[in-house]
Amino acid sequence: MPRRRSKFKRIWTAFLAAMPRKWRRCNYDVHVVPDDDDDGDPASTAAPLTEKTRHVDYVSAPTGLSSQTSFYSLPSSPNPSSTSLPELVPDELDYLDNIDEANQPSGPNYQFTAEDAAEAERRRQRRTASDHPLHEWAADIDTWLLELLRLEGRGEHTGDACPTCLDGLAEYRCADCADLQLYCGACTVESHSHNPWHRLTVWVKSHFRRTTLKNLGLRIQLGHPPGERCPNPKAAFNDDFVILDTTGIHRVALDFCDCTQKQQLPVQLMRARLFPATVTNPKTAATYRLMEHFHLLRTQSKISAHEFYQCLARQTENVEPQESADRYSALLRMTREWSHLKMLKRAGRGHDPTGAAGTLPGECAVECPTCPQPEKNLPSDWKTAPKGKSWLYRLFVGLDANFCLKRKKVSTNQVDPGLNKGYAYFVEDTKYKAFLEQFDDLPPEANTCHKHDAIKLANIKKVRETDTSGVGTVECTWHDMKRPRSVADLQVGERYVNMDYIFFSSLSHHAAQEIIASYDISCQWSRNLWSRLTAYGLPFDPADHRFRFLIPKFHLPAHQSSCQTGYSFNFTAGVGRTDGEAVERGWAAVNPFASSTKEMGPGHRHNVLDDVFGDYNWRKVRQMGPALLARLKEAVPNANEHQVAFEEFTEVLPLRNIATWTEMVTKWEDDPSNPNPFVATEPKVTMAAVRRELAEEEAARLEAGTLVACHDNMSPAIMITAGLELKDLQECARSETKKIGSHSTDKQRTDLLERANTLRRKIEAWFKIQQTYIPGVEALRARKLQVVKDPTVYDLPLLLPSAIQGSLSVDPSLMECEWRLRHAQAHDSLNNLRQHLRLSSHLYHFKDRFTRGQRENIRKPCNF
Ligand SMILES: [Zn+2]
Ligand SMILES: [Zn+2]
Ligand SMILES: [Zn+2]
Ligand SMILES: [Zn+2]
Ligand SMILES: [Zn+2]
């Protein structure tokens, strides 16, 4: 694709040219080279402003690695206050295309010119401080009010004679025509033959009252050009036809054509851009204008059909609502049919001889134009791309479930099967249900990580009133778009059988060779995925693909440490800064539909959600160009900055280590079954393990009859262990006593005293046993206590072997036992510390990103 590459390069160089200097400061040379280009900018010459630039030095010394951060003053950019980038306007896009490649410097060091700065400044249109439109308006409010009132009267149109025919009485004014003039009835009817659903008012002595064109005798003729009457008209049933339009609900007089050129009644309506509510003998229709308006309004503002209908009814009659005809159920049906028709039309089904019935699964979905789609947007040699390039053709998918999108037990699949039979985002229901029935009783799998919500929710009981507990989905995680036939209902929690089905259903549609699948419980879900696939017998061959399972970045800290390295986006090559959380963001746009869709029948709900997902995808496609450009603008300077930091850091590391580490990383990236170099190697010494070892050794010596125990119930190891535990309890007692203030209650003091007494009894009992193992220890303790005034329970010297070394002779085996236990205790403490640091860093990170408002900010410190 040479043409494509050269165009990209042109855009790239032009983009670098358009970057303000403040951004470019991240380039390679910025830390050492002051900005000395004399661009003649008056601002920079008049005021020699400077700004600070950070520089980090890494120094490798025999004692270890250290870093030093220093700040340099550099002349500031010509437009220091500008942090936003100029928006690209169509002219500029043309300019990008016309750049002469040969004359453009390549690479990131291209200089930002004065013209660029002036252009950026010109585009920044800001209000001046004195510009307060609301204040100005408030000062003039009475004039505006009077103008509103003026429209309630006849204004300057006070003449009685109709200005058109100069004969009739001028008493009718149209509320929807731009013209404020009053006309006679006959002229009003004539001028509205092309606008039959305008709202009309009639002047009655002192005010306007609502009336209709039907009352004035306007008849709408279908099947013939406007103005032409059918020789054999057939009035609608009961001569009462209701038309729903954006202007309101209109009762009209409508005649169908019943002459020789007649068509079916719905066809006659549709040729007049009226959408019939029923096929046989329609009595209601909606204008296409209304259908389009509601379709957009619903997906954009999440309005329900009921709210919309109420709005229409009030627009028609805001005083006595019972006067307007109730066509709510007709509107519901029409909107559903409309969105389905639009979906088929946009997917090109109208041009296919097989029609709607020939629609293939997923065919009507709006697909992500930037995700790899073989034979659509990939070069012909994509399958054989070299290793350094193959990541370009990776597919990133994310799985998740949403329990907001429930459905109550309303209607059934038999009554309301839905119009989309797996045509778009929801999988085909019959096959899916049959699959679930077949594999419903798969045994639950053992969990090897922490207890995650998704796993817990899998086992929740089905709620009695709900038929569907939520939906599961597979999305493209790069662009946050729903994939074709990748959404399905959940019956209880987030079970593997549901998620597996949609995962393989999604991948049967345009799956690349390399697939990065992220799921918040990937560590559990992916373990036995392939054996489950074999059990299901689904037509999907994993051998055609290379999979990598990761966990989205926000969810990862909740996993155990082995998951945090093995499933991290940060440690995976060729994934960029993907966070995998796109699925969660997608829910935010859909959740407002939860309240209306939970009351719908199964088919209706699928239709509405399919429509919503389609609209969401389409909006993404519309914004794809500007969004990707904005990300590129952010990515380039950041990539430069990180590159500089990385190179500076690498320079000071020993070459030998770099070679070893690089090799380890490359091996692991090629095959994740190799040792993971990012796993922190912690020695596996724990208190529990050492105690077990000691107990085993004692058991062996007991068997051999070589154990010398001076006490029946307490072996030497247990005596030392108990001593260490008592030491811990003493420290607890000491810190609790410190915490208790002078204002403590009687209850607090009593509790503390009771605990101290219990501890003292325990310690004294232990002293007796200790004396049998270390003769003379009591006398030593008595000597030590003599110098302590009023010894409390935590002042009692326990005199473990390490503390009496040199003063008394102690059995070396006791010394060794204490050393081993204390060594393990130190490791346990370090582990605790690591765990706490990880947790607190996660909480801080979470707080910085997601906590807003006083209430939350006050509560969070308590969590820390
Ligand atoms: Zn007239
Ligand atoms: Zn009008
Ligand atoms: Zn006719
Ligand atoms: Zn995509
Ligand atoms: Zn895990």
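Analysis parameters
Residues numbered from 1 in each chain as written. Chains lettered and ligands numbered in written order. Predicted model: local features only at pLDDT ≥ 70, side-chain atom pairs only at ≥ 80, totals over all residues. Heavy atoms only, no water. Donors = N, O, S within 2.8 Å, 3.2 Å for Na, K, Ca; no water. Tetrahedral: all angles 85-135°; square planar, octahedral: opposite > 155°, others 65-115°. Helix = DSSP H or I, 4+ residues; strand = E, 2+ residues; numbered from the N terminus. Buried < 20%, exposed > 50% of the residue type's maximum accessible area, 1.4 Å probe, protein only. Polar contact = N/O pair within 3.5 Å; in protein donor to acceptor, adjacent residues only side chain to side chain. Axes fitted to C-alpha atoms, helices over the stretch in contact; angles between N-to-C directions. Parallel < 35°, antiparallel > 145°, perpendicular 65-115°, else oblique. Contact = heavy atoms within 4.5 Å. Nonpolar A, V, L, I, M, F, W, Y, C, P; charged D, E, K, R; others polar. Core = buried A, V, L, I, M, F, W, Y, C linked by side-chain atoms within 4.5 Å. Pairing = 2+ DSSP bridges. Patch = residues over 30% accessible without salt bridge, like charges linked within 9 Å, V, L, I, M, F, W, Y side chains within 5 Å. Areas by Shrake-Rupley, 256 points an atom, 1.4 Å probe, with all protein chains shown as cover. Salt bridge = Lys/Arg side-chain N within 4 Å of Asp/Glu carboxyl O. Phe/Tyr/Trp six-rings, centres within 6.5 Å; stacked < 30°, edge-to-face > 60°. Lys NZ or Arg CZ within 6 Å of the ring centre and 35° of its normal. Left-handed = near helix turned anticlockwise from the far one by under 90°.

Is there a simple way to explain the coordination of the zinc ion (ligand 1) in this structure?
Reference geometry at the metal: tetrahedral coordination by four donors gives ideal angles of 109.5 degrees; octahedral coordination by six donors gives 90 or 180 degrees. With distances of 2.1 to 2.3 Å, the protein atoms coordinating the zinc ion (ligand 1) are Cys162 (SG), Cys165 (SG), Cys184 (SG) and Cys187 (SG). Its four donor atoms give the zinc ion (ligand 1) angles of 104 to 114 degrees at the centre, a pattern that matches the tetrahedral case. Spacing between the donor residues of the zinc ion (ligand 1) along the chain follows C-x2-C-x18-C-x2-C. One end of the pair, Cys165, is in the loop between helix H7 (141–150) and strand S3 (172–174); the other, Cys184, is in the loop between S3 and helix H8 (185–191), and 19 residues separate them in sequence. The class of Cys184 is buried, set by a relative accessible area of 6%.

Where do I start with the environment of Ser193 in this structure?
Within the fold, Ser193 resides in the loop between H8 and strand S4 (200–204). Residue Ser193 is classed as partly exposed on the basis of its relative accessible area, which comes to 39%. Once the C-alpha coordinates of Ser193 and Leu218 are considered, the two residues, 25 residues apart in sequence, prove to be 7.5 Å apart. Here the side chain of Ser193 touches His194 through a polar contact of 3.1 Å, side chain to side chain.

Just to check I follow, could you spell out the packing of helix H25 (residues 746–773) against helix H26 (residues 777–786) for this structure?
Describing two packed helices takes the angle between their axes plus the distance from one axis to the other. Two elements in contact, H25 and H26, have axes whose closest approach is 8 Å; the angle formed by their N-to-C orientations is 125 degrees. Looking at the two axes, H25 sits oblique to H26. In this structure, H25 uses Phe767, Gln770 and Gln771 to contact H26, whose residues at the interface are Val777, Glu778 and Arg781. A breakdown of the residues in the contact of H25 with H26 according to their chemical character gives two nonpolar, two polar and two charged.

Could you clarify how one ought to interpret the nonpolar core in this entry?
Nonpolar side chains in soluble globular proteins generally cluster together in the buried interior. Phe503, Leu507, Trp525 and Phe549 are the most contacted members of the largest nonpolar core, which has 48 residues in total. Looking at which element gives the most residues to this core, the answer is helix H15 (residues 496–507), with eight residues. Sequence-distant contacts of Phe549, that is, excluding residues within four places in its chain, are made with Phe503, Ala517, Ser522, Trp525, Ser526, Leu529, Trp530 and Tyr567.

Looking at this model, I keep getting lost on the sheet that holds strand S12 (residues 395–402). Mind explaining?
Through backbone hydrogen bonds, the strands of a sheet pair up, either in parallel or in antiparallel fashion. With respect to topology, five strands assemble into an open sheet ordered S16-S15-S12-S17-S18, the strand pairing being mixed. Edge positions in the open sheet fall to strand S16 (481–490) and strand S18 (546–550), since each of these has one partner strand only. On average, each strand axis in the sheet is inclined to that of its neighbour by 20 degrees, with strand direction left out of account. Inspection of the sheet shows S12 paired to strand S15 (residues 470–476) by six bridges, in the antiparallel sense.

Explanation requested: the coordination of the zinc ion (ligand 4) in the structure shown.
For the zinc ion (ligand 4), the protein coordination sphere consists of Cys368 (SG), Cys371 (SG), Cys476 (SG) and His479 (ND1), at 2.1 to 2.4 Å. Of note is the zinc ion (ligand 4), whose four donor atoms meet at the metal with angles of 98 to 117 degrees in an arrangement that counts as tetrahedral. Read from N- to C-terminus, the donor residues coordinating the zinc ion (ligand 4) fall into the pattern C-x2-C-x104-C-x2-H. A residue is classified by how much of its surface remains accessible, and Cys368, at 7% relative accessible area, is buried. Taking the relative accessible area as the measure of exposure, Cys371 reaches 5% and is therefore buried.

Honestly, the sheet that holds S3 in this entry has me stumped. Any pointers?
Read across the open sheet, the three strands follow the order S3-S4-S5; overall the sheet is antiparallel. Edge positions in the sheet fall to S3 and strand S5 (207–211), since each has one partner strand and no second. On average, each strand axis in the sheet is tilted by 35 degrees relative to the strand beside it, whichever way the strands run. Inspection of the sheet shows S4 paired to S5 by five bridges, in the antiparallel sense. Residue pairing for S5: Thr201 is matched across the bridge by Arg210.

In this structure, what is going on with a nonpolar patch on the surface? I would like to understand it.
On the surface, Leu134, Trp137, Ile141 and Trp144 cluster together to form a nonpolar patch covering roughly 440 Å² of accessible area. Listed by contribution, the elements that provide at least two residues to the nonpolar patch are helix H6 (133–139) and H7.

Can you walk me through the packing of aromatic side chains in this structure?
Think of a pair of aromatic rings as described by two things: how far the centres are apart, and how the planes are tilted against each other in angle. Tallied over the entire structure, the rule returns 30 aromatic pairs. Consider the rings of Trp668 and Phe678, whose centres lie 5.6 Å apart with planes at 70 degrees: the pair is edge-to-face. Residue Trp668 is found in helix H22 (residues 655–670), and its partner Phe678 is found in the loop between H22 and helix H23 (687–704); the two are separated by ten residues along the sequence. Under the relative-accessibility criterion, Phe678 is labelled partly exposed at 30%. Joined through ring pairs, the aromatic side chains of Phe503, Phe504, Tyr519, Trp525, Trp530, Phe540, Phe547 and Phe549 make up one cluster. When the ring centre of Trp668 is taken as origin, the NZ or CZ atom of Arg548, which lies over that ring, is 5.1 Å away.

Any chance you could explain the packing of helix H10 (residues 288–301) against helix H11 (residues 305–316) here in plain terms?
With their axes 11 Å apart at the nearest point, H10 and H11 run at an angle of 135 degrees to one another. Considered as vectors, H10 and H11 are oriented oblique to each other. When you trace H10 past H11, the crossing you get is right-handed. Residues Leu290, His293, Phe294 and Leu297 of H10 form the contact with H11, whose own contacting residues are Ala305, Phe308 and Leu312.

Help me understand the side chain of His250 in this model?
Looking at where His250 falls in the secondary structure, it is placed in strand S9 (residues 248–257). Accessibility expressed as a relative area gives 9% for His250, which makes it buried. A polar side-chain atom of His250 sits 3.4 Å from the main-chain carbonyl oxygen of Trp197. In terms of polar contacts, His250 uses its side chain to reach the side chain of Thr247, at 2.8 Å. Filtering out sequence-adjacent residues up to four positions away, His250 remains in contact with Trp197, Arg199, Phe241, Val242, Ile243 and Asp245.

Please clarify how the pairing of S16 should be interpreted in this entry.
On a regular strand, one side chain projects to one face of the sheet and the next to the other, so that they alternate. Of all the ten residues making up S16, nine are buried; the element is thus mostly covered by neighbouring parts of the structure. Of the pairings in the sheet, the one linking S15 to S16 comprises six bridges and is antiparallel in character. Looking at the pairing, Thr473 lines up with Val487 of S16. Counting the residues that bridge the hairpin from S15 to S16 gives four residues, and of these Asp480 lies at a positive phi of roughly 55 degrees.

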